Structure formats: structure tokens, C-alpha cells
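Here is how the chains run, residue by residue.
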Amino acid sequence: MNDELSEQLKIETHWQEEEYYQPPASFVAQANLLDGSIYERFCLENFPEYYKEFGQMLDWEKPWDVLFDSSNPPFWRWFVGGRLNAAYNCIDRHLAENKNKTALYFVPEPEDERIEAVTYQDLFVRVNEVAALLRDHFGLKKGDRVTIHMPMVIDLPVTMLACARLGVIHSMVYGGFSAQACADRMVDADSSVLVTMDGYWRDGKWLDQKEKADQAVEAADKEGHRVNKVLVWQRYPAQYKSASQIVEGRDVIVNDLLRQYRGSQVAPESMLGEDTLFLMYTSGSTGKPKAAQHSIGGYLSYVTAMSKYILDIQPKDVYWCMADIGWITGHSFIVYGPLSLGASSVVYEGSPTCPDAGRPWRISERLGVNILHTSPTAIRSLRKLGPDEPAKYNYNYKLMVTVGEPIEPEVWRWYYNTVGNGQAAVVDTYWQTENGGFLCSTVPALKPMKPGSTGPGVPGIHPVIYDDEGKEVPAGSGRGGNLCIKNPWPGIMLGIWGDPDRYVNTYYARVCKNPNSKDWRDWPYFTGDGAMLAKDGYFRVLGRIDDVINVAGHRLGTKEIESAALKVMQVAEAAVIAAHDDIKGVIPEVYVVLQPGVTPSKEVKTVVVDAIVKEIGPIARPREVWIVPDLPKTRSGKIMRRVLASISNRSDLGDLTSLANSEVVENIRKMVQD
Ligand code: WT7
């Protein structure tokens, strides 16, 4: 465990235990999962048999031969030999009973634009036409990778599901990420087709997305990777609203080409349960982003079960997850989970506070949203900008979700009392990109809520806290440690795309009990999070223990940000730390040492900020760039980020005796704090 975390732990151990909140009786009366014996059925002794129940939530063309194949640890395979198609499960299987039901609502950011309701029948037609276009015009087939760099519009899930129908692996890069980030991911996934959109609305501004596609193709080219085709959707069909030119022979306007495919149907490709559905990139402690490779059968069954049991999605519900589909939360809980259950899911284009902090409550009122899924960072900003807004609108949530980072009990109470009017169950779902779906959460009708704690493992997941020697830290000890999961589960990724060693090293090597063992019991999963376990079996997540910063609920690698800063010629050294922020929770702050002879200036700071935004995207924009004479270092030359973090966060500097140059600390402290 790093020093920063152990210091944090000292503080966190003084946390008071929060009081319980009972789920409302009205919620319990209608809940999907009311039978408390699920925890006994899903006990470790019954592993892996209990996951049959999850598999049975899907329609299989051919049943699986082997439920759980553990012959090559830790590369677990689920539902092996079974055949199915994800798009079929999310669309076709609902047509007989529910073709006129709304599958997706599209809410444009401009409030005077019409909301669009797409039925399951309509979604079926659109997905088939796009699948035909991808197959027949671009020759895409099973196993190919397609990169999607799109905003929050209906054409995005349509494109994903069209890929899934063909067995094409989609790799979505969050639309707000930079061209460079998109290029790196295309290179890594070896995908030669990029799907984008001309532009979109965000925070009242029109953003040009196609421009970024041009830059991304160029950047990929520099890395020796050729992108042959760029498919461009139009935000307003029949109008092209990007400043960038259409490149003859490379770019295609999807909306135009689609006319040739009107009414086309494509049989869903027969895929294996253990085949790959998509790649989703995430940050790790080394610079290079890594793609979690998710399966069809395991992933889809897992998100379906989680949507049903934890989110309590039912056919009559209107469900809105405010995440972006470009993150795993959106993949699992805007697209795949809700559609697999035949629910109505909302896709909102814009920012939750545009044009004001009443927007989410107006959308909920208008569409009758009764399940809301969002993050602490969004809750904090809505609370700050419009603490009394929710009361002005007429909506009723039965359930509300928080995900992405620990939520402060204060913020939780505002969410529960003011947003939920004290009448909704709240679930604090803890999980990661790599996991497909939830690891920890209360089952909403079965367990009380506790502000700031995620809850126990969800049924089937058996979490444990190990100390650095690999010994189990008992419940209620008040000590923190490494949060691990004792057993595999269907939603766990198949691996890291193209890098099996990194998969083993990052998630298993540290806590593996015997690397030669073929027994899954010897291969717990290492989350990389620190956590504490209370007497009641509820986990309280403390945060990452590696060099990863969680900004607004999303992981960014400190090394990635530092290497972006180091691309600036004038910069000699850079260190990035996590500064605490009232709204975003955590925000990067950058400390740089300039090359000899360069004079510190505002301009240099701006160049550093620009470089970071260009390389990674606005999400990584640092709050501050500090130009310092030297960085605090250990005698062996390691940068002591912990000391810089304490300065930025005005906390106790701790022990400085291991520093080789402790004299710089006071210097930096004065500069930052005075
Ligand atoms: C990291 C994963 C898949 C969720 C979206 C972010 C932190 C996530 C919680 C929570 C406390 C949480 C962890 C985790 N985290 N949910 N409910 N309480 N911390 O996905 O980018 O893969 O980040 O987010 O630190 O490791 P991600």
C-alpha cells in the first residue's frame, strides 16, 4: 500500500459509523428481488453453479456445454460452447410482445428540440440497416474491430448493436477524449474503421467532432497505423455541420449511404458465449491505456442480472442513466443491461446543468423517469448550483443509483432527502471497467442503506480485504487494506486486449496464492482499491492505491498526464497529484520543473494545460500548474507525489526524513499556500 493511502487510512479510521436508512415500504412491495435466501443460494460453496441463473436470463441459440471453464487461470471462460447474439437478446427477443414499446428516448441538449422515442421495432430496423451497411459496403465481419468516437445520440447505441449483430467487436472511445487518445486506441485495437459524428451540443456549445476524427487519423498514421474509412453520422440528418472537409474515398456520410439499405435485414451472427463483444479502454498505473476485453455470454448475462436485481428495472419503468455511453457505466447500464430486459432507457445528449440545475428534474418529470443513475460528481454540482431545484418539479423516483467514487455522507443525504424526497431506495454501486457489472452494493429491498458505504458484495460476489502480507483483515477491525474478490464471475473481462501478461500482473499476481495452481480459489482478483470492512459486512471504499487518479468518477493515469506535460519542450520534469475538489471530488494538479534557462511564465503554464487537454481531453484539465525549482525526491530519486499532494490539499506533510532535498518542500509550500 502506498504512503498516501496509509496516511489517508489513519484519518479515515476515525470516521463515524453512519446510521442506516430502511428501503421505503412502497419500494419493497414491488421489488424484483425480495427473497433473502439468495445470499445462501449464492454462497461460495455453491460457486459456480449459482451463475446458471444469470445465464438463463438470456436467449441462447444453443445451450452452453460448460458453465465455467477454469482450466487456464486466471483466464476464466463462462458459458463455453453456448451460442447467442447480443443484439438479438437486446432487440429481437422483445419484438413479439413489445415491439411498440419505447426502447430508447433521445433527449437533445437544446431544450426546444423535440424528444425522440425509438420503439423496439424501430430500433430493430435501424440496427439491421446499419449492420447491412457495415457488412456489405465496408466488408466488416466477425472479429473485426471498429472504433466509435461519438457523442450521446441514438446513432451511437444503434452502431454498437449493429456491430454486435455482426459479431464485430466495437471499441468505443469516449467522445470527449482528444484526437490523440482516439488515435492511440485505434492503433492498440488495430482497427481501420472509425465511426464518428459531425458534431453535437455540450453545455450550450456546438462541438465539432469530425475535426477530431481527421486529427485522429493523422495521428494514427504517424504511429504507422492506417485508418481506411471514416463513417460520419449527421447530428441533423441531411445537414453536414462540421468545418472539416469530407475526404474523398475515406469519409462516408452514413445517413446518405443508409438509403441504399432501407429495409435490409441481417441475420444475427451466431456467436460463442466466450467470444468478444467489445473493448473498453481504461487507465492503469503504467502510461499505456489498456483495453478490457468483454465477452458476449458472461458480460451480457451479468449486466442483465444486475439491472434486474440491483437497479430493479421492470418492464413498466423509465430508466435514466446519466453516464456517457463512452464509459463502461453507459455500455452496461444505458445500452446492454436495460435493453436486454426490454426496458425504456434514456439517452441524454448534454450536460446535467444545461441550461440550469433544474434540467434533470424537468427531464424526469417529462418522461416519467422513475429510476435515476448518476455519480457523486454530478450530484455535487447539482446540489451546489440548485440545492432547492428538485422540489419544484413533479417526478417520482423509486430507486436512485450512485457510482464512480465514494460519496460523502453529506452529499448522499441531499441525494436521498432532496432528490429522492426520502421515498426512493438508494444503491451505491462499486465496480470497475474491468468487471462488467457491480461488485458491491446493497440489494435494495433486502438490505438497509448506509451513507458513504457501498454495501456487501452483490449476490455471488465474495469480497475480502487483504493486508500487504496477504492476510485477511477481519470485519470491524477498523483497519483498511487491499480490496479483493475471492471468486471469478461472468462479467469479469476475458483479458487485456493483446497483453495477457499485463492482465495477470495487474489483477492477480500480487495476491495469487499459488501461480501453478489450476484452482480458482488460489486466484483472487485484486481491484487496486483500498477499503475497510465494517462489522455489518458493508465495505467503505477509500480509493485507488496505484498511480491512478479518479476524476469525476473516471480513472486517469497520473503517468499519462505527466507524459503529456513532458511533451512540452520547456518542461524538464512533471508530477501530477490528486487535489481535492468540492465538485469533482478529485482533480489533477501538476507540478513542473522547467528546462534550464527557461523563465517561468503564465504562457508556459497555458502550454502545459493545452498539451494535457490535447493529449487526453478536457476531463484531465489540471486545476493548476505549479512551476517549481525542483520536485521533492527520495534518495533513490523517486518523486514524492505524496508530499506534493499534501501541499495542494493543505494537509499534514508527514514524515520528510526520506527526502534527499527536503529544503525544496518549504519553498513549494509557500508558493502554493500563501
Ligand atoms: C474505480 C473504477 C464502473 C464504475 C465507473 C468508473 C472507483 C467506482 C465506486 C463506488 C467508491 C468507486 C473505484 C474503482 N469507484 N464506483 N460506488 N464507491 N469508489 O469506472 O473508471 O473503471 O473506475 O472507481 O476506485 O476502482 P472506472
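Predicted model only: the values in this text are computed from it and were never measured.

**Q** Before we go on, may I ask you to explain the packing of aromatic side chains in this structure?
**A** What the rule picks out here adds up to 45 aromatic pairs. Considering the side-chain rings of Y21 and Y416, the 4.9 Å spacing of their centres and the 70° angle between planes classify their relative orientation as edge-to-face. You can see Y21 sitting in the loop between helix 1 (3-12) and helix 2 (25-30) and its partner Y416 sitting in helix 15 (residues 409-419), a full 395 residues away along the chain. With relative accessibility at 15%, the residue Y21 sits in the buried group. Note that R185 overlies the ring of F177, its terminal NZ or CZ placed 4.9 Å from the centroid.

**Q** What's the story with the site of the ligand in this structure? I'm lost.
**A** In the region of the ligand, 19 residues are neighbours, and D428, T429, T433, D529 and R544 sit closest. G404 is positioned such that a nitrogen or oxygen atom in its backbone is 3.1 Å from a nitrogen atom of the ligand. Here N550 contributes a side-chain N or O atom positioned 3.1 Å from an oxygen atom of the ligand. A total of 550 Å² of accessible area belongs to the ligand in isolation, and the protein chains cover 97% of it. For the shell around the ligand, the secondary structure elements donating two or more residues are helix 12 (328-340), strand 20 (425-429), strand 25 (539-544) and strand 27 (554-557). The residue inventory of the shell around the ligand, partitioned by class, reads six nonpolar, eight polar and five charged.

**Q** When you look at the environment of P63 in this model, what are you seeing that I'm missing?
**A** By the element assignment, P63 lies in the loop between helix 4 (52-55) and strand 1 (66-69). Its relative accessible area of 57% is what places P63 among the exposed residues. Sequence separation between P63 and G81 is 18 residues; the distance between their C-alpha atoms is 7.5 Å. The residues contacting P63, other than those within four sequence positions of it, are G81 and G82.

**Q** Is there a simple way to think about the nonpolar core in this case?
**A** Within soluble globular proteins, side chains that are nonpolar generally end up buried alongside one another. In this structure, L123 and Y336 are the most contacted members of the largest nonpolar core, which totals 161 residues. In terms of residues, this core owes the most to one element, helix 6 (residues 120-136), which gives nine residues. Contact partners of L123, with chain neighbours within four places excluded, come to I91, A103, L104, V118, V158, L161 and L339. Core analysis: the second largest hydrophobic core is formed by 46 residues, M186, A565, V586 and I616 among them.

**Q** Where do I start with the confidence of the model for the protein chain in this structure?
**A** Regions with low pLDDT carry predicted coordinates that are not meant to be interpreted in detail. Across the protein chain, pLDDT averages 94, with 97% of residues at or above 70. Within the protein chain, helix 7 (residues 155-166) carries the highest mean pLDDT (99), whereas helix 1 carries the lowest (53).

**Q** I would appreciate a short explanation of the sheet that holds strand 30 (residues 625-627) in the present structure.
**A** The strands that make up a sheet are held in pairs by hydrogen bonds between backbone atoms, and each pair lies either parallel or antiparallel. Spatial strand order, 28-29-30: three strands in an open sheet with mixed pairing. Each edge of the open sheet is held by one strand with a lone partner, namely strand 28 (571-581) and strand 30. Adjacent strand axes in the sheet meet at a mean angle of 25° when their direction is disregarded. Bridge analysis of strand 28 against strand 29 (residues 585-594) gives ten bridges, and the strand direction is antiparallel. Within strand 29, the position partnered with D581 by the bridge is G585. Here helix 18 (residues 602-615) sits on the sheet and contacts strand 28, strand 29 and strand 30; the angle it forms with strand 30, its principal contact strand, is near 135°.

**Q** Explain the pairing of strand 21 (residues 463-466) to me, please; I cannot follow it from the model alone.
**A** Regular strands show a simple pattern: their side chains alternate between the two faces of the sheet. Of the two faces of strand 21, the one holding P463 and I465 and the one holding V464 and Y466 are both buried throughout. Looking at chain direction, strand 21 and strand 22 (residues 480-485) are connected through four bridges and run antiparallel. Counterpart to I465 in the pairing with strand 22 is L483.

**Q** Quick question: what am I supposed to make of the packing of helix 8 (residues 179-189) against helix 9 (residues 210-222) here?
**A** What describes two packed helices is the angle between their axes and the distance between those same axes. Running from N to C, helix 8 and helix 9 cross one another at 50°; their axes reach a closest spacing of 8 Å. The pairing of helix 8 with helix 9 is recorded here as oblique in orientation. Seen along the crossing, helix 8 lies across helix 9 with a hand that is right-handed. On helix 9, the residues touching A179, Q180, C182, A183, M186 and V187 of helix 8 are K212, Q215, A216, V217, A219 and A220. For the contact of helix 8 with helix 9, a count of residues per class yields nine nonpolar, two polar and one charged.

**Q** I'm lost on the side chain of E18 in this one. Help?
**A** Turning to its location among the elements, E18 is positioned in the loop between helix 1 and helix 2. E18 sits in the buried class, given a relative accessible area of 12%. For E18, the side chain forms a polar contact with the side chain of R413, separated by 2.3 Å.

Criteria and cut-off values
Residues numbered from 1 in each chain as written. Predicted model: local features only at pLDDT ≥ 70, side-chain atom pairs only at ≥ 80, totals over all residues. Heavy atoms only, no water. Phe/Tyr/Trp six-rings, centres within 6.5 Å; stacked < 30°, edge-to-face > 60°. Helix = DSSP H or I, 4+ residues; strand = E, 2+ residues; numbered from the N terminus. Buried < 20%, exposed > 50% of the residue type's maximum accessible area, 1.4 Å probe, protein only. Lys NZ or Arg CZ within 6 Å of the ring centre and 35° of its normal. Near = heavy atom within 4 Å. Polar contact = N/O pair within 3.5 Å; in protein donor to acceptor, adjacent residues only side chain to side chain. Areas by Shrake-Rupley, 256 points an atom, 1.4 Å probe, with all protein chains shown as cover. Nonpolar A, V, L, I, M, F, W, Y, C, P; charged D, E, K, R; others polar. Contact = heavy atoms within 4.5 Å. Core = buried A, V, L, I, M, F, W, Y, C linked by side-chain atoms within 4.5 Å. pLDDT = per-residue confidence, 0-100. Pairing = 2+ DSSP bridges. Axes fitted to C-alpha atoms, helices over the stretch in contact; angles between N-to-C directions. Parallel < 35°, antiparallel > 145°, perpendicular 65-115°, else oblique. Left-handed = near helix turned anticlockwise from the far one by under 90°.

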